[in-house]
Amino acid sequence: MKTIQQTKQSASPHKAKSRRRLEKLLPYMMLFPALLFIVVFKIYPIISVSVGSFFRDGVFTFRTYEILFGDQVFWNSLWTTLKMNIVMIPLQVVISLILALLVNNMVRGIGVFRSIFYLPVTMAISVASVTWNLMMNVNNGVFNSLLSVVGIESQGFFTSASQALWCIVIMATWKGCGYWMMYLLAGLKGVDVSLYESATLDGAGYFTVLRKITLPLIRRAMLFVIVANTTANMLLFAPSKMITEGGPQNSTNVLMYEVYKSAFRNGNMSRAGAITTILLVIIIITVIVQFKMMNDQDD
């Protein structure tokens, strides 16, 4: 009887150790299906395309990049992409922050405004592209109708080389700000209200509280929004494909649309892979710089 009890006591620590090991592995087991999906459908295609851009007829070469760097169309599309994102990323982050600050107030009916601001997110980008194309139609669009009421002549919008890119920026900002607003709102909800009360008692104004308390305490949420927003906007493709076809006069020919043309119109997978690799490098560098800037602010 004593031997059986000793055996149970010796087995008990072993079971506890196995249980603790299983508890440590459980989160990774739960994440494994999602990680497998990401690896198979995200990471592997990117690596495959990037590696393939260095081969022509099975031979390792930089010839694709040499041709690409001598192509003025590529440089124009690169500049168009950078120009669009230099304006669009700060614009979306600032507007999203303003919206988050507005809907963070606990007043009657604020939930309605949250829903209204978030509503564009529920619309697919393809549907949004078609809708905005109709609203900005040169002949019978709602925007030109409103302009005619106040005596302003009709604008070209998506058919104008000087306006098309900025129309896409406006459309993408309208579409995305509600999405990023929710992340910033979640960050604002994590700020201790007593800090605001103490600052108010000390006589701090709204913008002082915003600069000294709110922004530092939602820095993590801000960093996520900036990084994710950068990645999403760099890969923006649907409006250029569905509305302008890269025009007029290549004014909306962003890098992702150039990838599409190279791969599916011209069948030049090496060129498409090279542009994809360059775009990936640009995104990585941009994200590293953003992390560095946020870390410097933390210091």
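Remember, predicted model here, so these are calculated numbers, not experimental data. (Residues numbered from 1 in each chain as written. Predicted model: local features only at pLDDT ≥ 70, side-chain atom pairs only at ≥ 80, totals over all residues. Heavy atoms only, no water.)

Let us now look at the overall build of the protein chain. A tally of regular secondary structure across the protein chain gives 13 helices and two strands. For the protein chain, whose C-alpha radius of gyration is 26 Å, the value lies well above the compact-globule estimate of 19 Å for 299 residues. Dimensions of the protein chain along its principal axes, counting C-alpha atoms only, are 95 × 70 × 35 Å. Scored against the burial criterion, the 299 residues of the protein chain give a buried share of 36%. For the protein chain, restricting intrachain contacts to residue pairs at least 6 apart in sequence, the fraction spanning at least 24 positions comes to 67%. Of the roughly 18500 Å² of accessible surface on the protein chain, 67% is carried by carbon and sulfur atoms. Taking the 25 positively charged and 13 negatively charged side chains of the protein chain as two groups, their mean positions are separated by 14 Å. (Helix = DSSP H or I, 4+ residues; strand = E, 2+ residues; numbered from the N terminus. Rg over C-alpha atoms; globule rule 2.2 N^0.38 Å. Buried < 20%, exposed > 50% of the residue type's maximum accessible area, 1.4 Å probe, protein only. Contact = heavy atoms within 4.5 Å. Areas by Shrake-Rupley, 256 points an atom, 1.4 Å probe, with all protein chains shown as cover. Lys, Arg positive; Asp, Glu negative; His and termini not counted. Charge placed at Lys NZ, Arg CZ, Asp CG, Glu CD.)

By the burial criterion, the buried members of helix α12 (residues 255-265) are L255, Y257, E258, V259, K261, S262 and A263. The first or second residue beyond α12 is G267, which carries a positive phi of 65°.

Time to look at the side chain of T80. For T80, the position within the fold is in helix α3 (residues 72-103). Apart from the residues lying within four places of it in its own chain, the contact partners of T80 are L165, N250, S251, T252, N253 and V254.

What follows concerns the nonpolar core. Counting residues in hydrophobic clusters, the biggest one holds 25 residues, and the most contacted among them are A100, L184 and I218. Of all the elements in the fold, those that place two or more residues in this core are α3, α7 (164-189), α8 (193-201), α9 (206-217) and α10 (219-234). Every residue in contact with L184, bar those within four places of it in the chain, is listed here: V93, S96, L97, A100, A221, M222 and V225. One finds V259, A272, I282 and I283 within the second-largest nonpolar core, a separate group that totals 19 residues. (Core = buried A, V, L, I, M, F, W, Y, C linked by side-chain atoms within 4.5 Å.)

On to the packing of aromatic side chains, then. All told, the structure shown has 23 aromatic pairs when counted by the stated rule. Taking the centre distance of 5.7 Å and the plane angle of 25° together, the rings of W132 and F143 count as stacked. Placement of the pair is W132 in helix α5 (residues 125-135) and F143 in helix α6 (residues 142-149), with a sequence separation of 11 residues. Of the residues examined, W132 reaches a relative accessible area of 7% and is grouped as buried. (Phe/Tyr/Trp six-rings, centres within 6.5 Å; stacked < 30°, edge-to-face > 60°.)

Let us look at the packing of α5 against α7. At their nearest, the axes of α5 and α7 sit 11 Å apart, and the two run at 135° to each other. Put simply, α5 runs oblique to α7. Two packed elements cross with a definite hand, and for α5 against α7 that hand is right-handed. Seen from α5, the contacting residues are I125, A128, S129 and W132; seen from α7, they are I170, M171, W174 and K175. Its residues assigned to classes, the contact of α5 with α7 comprises six nonpolar, one polar and one charged. (Axes fitted to C-alpha atoms, helices over the stretch in contact; angles between N-to-C directions. Parallel < 35°, antiparallel > 145°, perpendicular 65-115°, else oblique. Left-handed = near helix turned anticlockwise from the far one by under 90°. Nonpolar A, V, L, I, M, F, W, Y, C, P; charged D, E, K, R; others polar.)

Turning next to the environment of I243. You can see I243 is positioned in helix α11 (residues 238-244). As a C-alpha pair, I243 and F158 span 85 residues in sequence and 7.4 Å in three-dimensional space. Non-local contacts of I243, meaning those with residues more than four positions away in its chain, are made with S129, N133, F158, M171 and A238.

A cluster of like positive charges, contributed by K15, K17, R19, R20, R21 and K24, occupies part of the molecular surface. With respect to the element layout, K17 can be found in helix α1 (residues 2-52). (Patch = residues over 30% accessible without salt bridge, like charges linked within 9 Å, V, L, I, M, F, W, Y side chains within 5 Å. Salt bridge = Lys/Arg side-chain N within 4 Å of Asp/Glu carboxyl O.)

This part is about the packing of α7 against α10. One way to put it is that α7 packs onto α10 with a least axis distance of 9 Å and a crossing angle of 165°. By the angle between their directions, the pair α7 and α10 is classed as roughly antiparallel. Handedness of the α7/α10 crossing: right-handed. Listed contacts from α10 to W180, Y183, L184 and G187 of α7 are A221, M222, F224, V225, A228, N229 and A232. Residues belonging to the contact of α7 with α10 are distributed by class as follows: nine nonpolar, two polar and no charged.

Here the bond from G247 into P248 is cis, since omega is -10°, no more than 30 degrees from zero. Note that P248 resides in the loop between α11 and α12. Of note in the backbone geometry, Q249 takes a positive phi value of approximately 55° without being a glycine.

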